[in-house]
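Residue-level listing of the chains:
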Amino acid sequence: MKGLLTLNDISTDKIREIIDLALEFKHGKKFSYHSEKKMATMFFENSTRTHYSFMIALMNLGIIPVDFNSEASSVMKGESLYDTVKTFECLGVDGVIIRHTRDGYYKELENINVPIFNAGDGQSDHPTQTLLDLITVYEDFGHFEGLKVTFIGDVKHSRVAHGNAVAMARLGMEPRICGPDFFMDKTAKIIDMEEAVQTSDVLNLLRVQFERDATLNMTVSEYHQLYGMTKKRVDQMKDGAIIIHPAPINRGVEIADEVAECKQSRILRQETNGVYARMAVINMVLEGKL
Ligand code: CP
């Protein structure tokens, strides 16, 4: 099993190499065509951006996507994750892209002999999201060293916060977290909202993950008032600071409607960068560079 399961498995030099290649793709580098290859996209948890940007990345590279629908599959008859993925290996795919609700689901797949690309596992990790976030930060700042990043909101349930904090720290950024006590964990130092807004170079907003049993213990309006990115807070940000968010966004909860596409917001750019991040990862794995 090769592929990309977590960025913890690869060196910071390799992370930088992926970022560079993604940006080369974005700026018109000729795509390496991998015609004749096929890869399965297997999403056992809902997704829009990751699912379809992986499919577009495959198509851009000339790879045929085989889109698996778990709801219409033998998973519904009780087939295990391992047996399902092994079946795709036997059918002749050259890789599998998997999102699953279980943390570290890929540990059950050690006997799979095609590359696995982790498209998000439980509350643990989302490596290609981290890469597209890093690309977006790099586009603005041209470096990582010394940048302060604050994860604001539901850190506890967020694989993005958990994965990003580790990778960003390895690249020299300073991660902090901010939000109500019941959403905080040991990911990084906790700071208050005022400090977060006024001192961060990167504000990494997070969605409240109601689907993972997150509860607010207050009204949405109170939460928005205490921890939401409002126009007033945007006006207090440092010059050059940016807002990122993995999306989907909850307008009126962690971010005000009028802020979602403001000058400082990079949310739409992140979605575009997701295609290039995924192209870079797939290309490097197929060329034996990852
Ligand atoms: N950011 C992200 O993973 O979005 P999706 O759940 O829509 O893929």
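All residue numbers refer to position in the chain's written sequence, counted from 1. Local features in this predicted model are restricted to residues of pLDDT 70 or higher, and side-chain atom pairs are both shown and tallied only at a pLDDT of 80 or more, whereas totals for entire chains, interfaces and linings draw on every residue. As a rule here, side-chain values cover all heavy atoms of the structure and leave hydrogens and water aside.

A. Structural view of the pattern of salt bridges. We define a salt bridge as a side-chain nitrogen of Lys or Arg found within 4 Å of a carboxyl oxygen belonging to Asp or Glu. Using the criterion set out here, one finds 18 salt bridges in the structure. Residue Lys14 pairs with Glu17 through a salt bridge whose shortest N-O separation is 3.5 Å. Of this pair, Lys14 and Glu17 both sit in helix α1 (residues 12-26), 3 residues apart, roughly one helical turn. Across the salt bridge formed by Glu45 and Arg159, the nearest N and O atoms sit 2.7 Å from each other. Numbering of helices and strands starts at the N terminus; helices are DSSP runs of H or I of at least 4 residues and strands are runs of E of at least 2.

B. Structural context of the environment of Arg176. Locating Arg176 in the fold gives a position in strand β7 (residues 174-178). Judged by its relative accessible area of 2%, Arg176 is buried. Spatially, the C-alpha atoms of Arg176 and Pro248 are 22 Å apart, while their sequence positions differ by 72 residues. Residues are treated as being in contact if the distance between any of their heavy atoms lies within 4.5 Å. Not counting the four nearest positions on each side in its chain, Arg176 is found in contact with Lys148, Val149, Thr150, Phe151, Ala188, Lys189, Ile191, Glu195, Ala196, Thr199 and Ser200. Accessibility here uses a 1.4 Å probe with only protein chains present; expressed as a share of the type maximum, an area under 20% marks a residue as buried, one over 50% as exposed, and anything in between as partly exposed.

C. Molecular detail of the sheet that holds strand β2 (residues 38-43). Here, strands pair whenever DSSP counts at least two bridges between them. With respect to topology, 5 strands assemble into an open sheet ordered β1-β5-β4-β2-β3, the strand pairing being parallel. Two strands close off the open sheet at either side, each with one partner strand: β1 (3-4) and β3 (64-68). Relative to strand β5 (residues 116-121), strand β4 (residues 96-100) is paired through 4 bridges, and the arrangement is parallel. Of the residues in β5, the one forming a bridge with His100 is Asp121.

D. Fine view of the nonpolar core. Put simply, buried Ala, Val, Leu, Ile, Met, Phe, Trp, Tyr and Cys residues joined by side-chain atoms within 4.5 Å make one nonpolar core. Core analysis: the largest hydrophobic core is formed by 79 residues, its most contacted members being Phe151, Met229 and Ile282. Per-element accounting of this core gives the leading share, 9 residues, to helix α9 (residues 267-286). A domain-level breakdown of this core finds at least three residues from each of domain 1 (3-125 + 271-286) and domain 2 (127-266). Those residues in contact with Met229 that sit more than four places away from it in its chain are Met193, Val197, Leu203, Leu205, His224, Val234, Ile243, Glu254, Ile255, Ala256 and Val259. Ranked by size, the runner-up nonpolar core spans 17 residues in total, among them Ala40, Val85, Phe88 and Val93. An automatic or database domain assignment supplies the start and end points of every domain.

E. Just the environment of Ser74, in detail. Topologically, Ser74 is positioned in the loop between β3 and α3 (81-91). The spatial distance from the C-alpha of Ser74 to the C-alpha of Thr84 is 8.0 Å, given a sequence separation of 10 residues.

F. The arrangement of the site of the ligand in detail. Taken together, Ser47, Thr48, Arg49, Thr50, Arg99, His126, Gln129, Pro246 and Ala247 make up all the residues around the ligand. Only the protein chains shown count as cover for residues, and the accessible areas themselves come from Shrake-Rupley with a 1.4 Å probe. Within the complex, 90% of the 250 Å² of free accessible area of the ligand lies under protein. Per-class residue counts for the shell around the ligand are 2 nonpolar, 5 polar and 2 charged. Two domains share the shell around the ligand, each providing at least three of its residues, namely domain 1 (3-125 + 271-286) and domain 2 (127-266). Whether a residue is near a molecule or strand is decided by its heavy atoms; if any one of them lies within 4 Å of it, the residue is near. Charged residues are taken to be Asp, Glu, Lys and Arg, nonpolar residues to be Ala, Val, Leu, Ile, Met, Phe, Trp, Tyr, Cys and Pro, and polar residues to be all remaining types, Gly included.

G. A look at unusual backbone geometry. Cis geometry is adopted by the peptide bond preceding Pro248, which originates at Ala247 and carries an omega value of 5°. Checked against the element boundaries, Pro248 lands in the loop between β10 (242-244) and α9. Although it is not a glycine, Glu36 adopts a positive phi angle of roughly 85°. By the secondary structure assignment, Glu36 is in the loop between α1 and β2. The exposure class of Glu36 is exposed, given its relative accessible area of 70%. Not every positive phi belongs to a glycine, and Ala247 is a case in point at roughly 65°. Mapped onto the fold, Ala247 is located in the loop between β10 and α9.

H. Just the domain arrangement of the chain, in detail. Entries for the chain in the domain assignment read domain 1 (3-125 + 271-286) and domain 2 (127-266). One C-alpha centre belongs to domain 1, the other to domain 2; they are set 25 Å apart. In this assembly, 34 residues from domain 1 lie in contact with 27 residues from domain 2. By definition, the buried area sums, over both parts, the 1.4 Å-probe accessible area that each loses when the two are put together. Across the domain 1/domain 2 interface, buried area totals approximately 2500 Å², and carbon plus sulfur atoms make up 59% of it.

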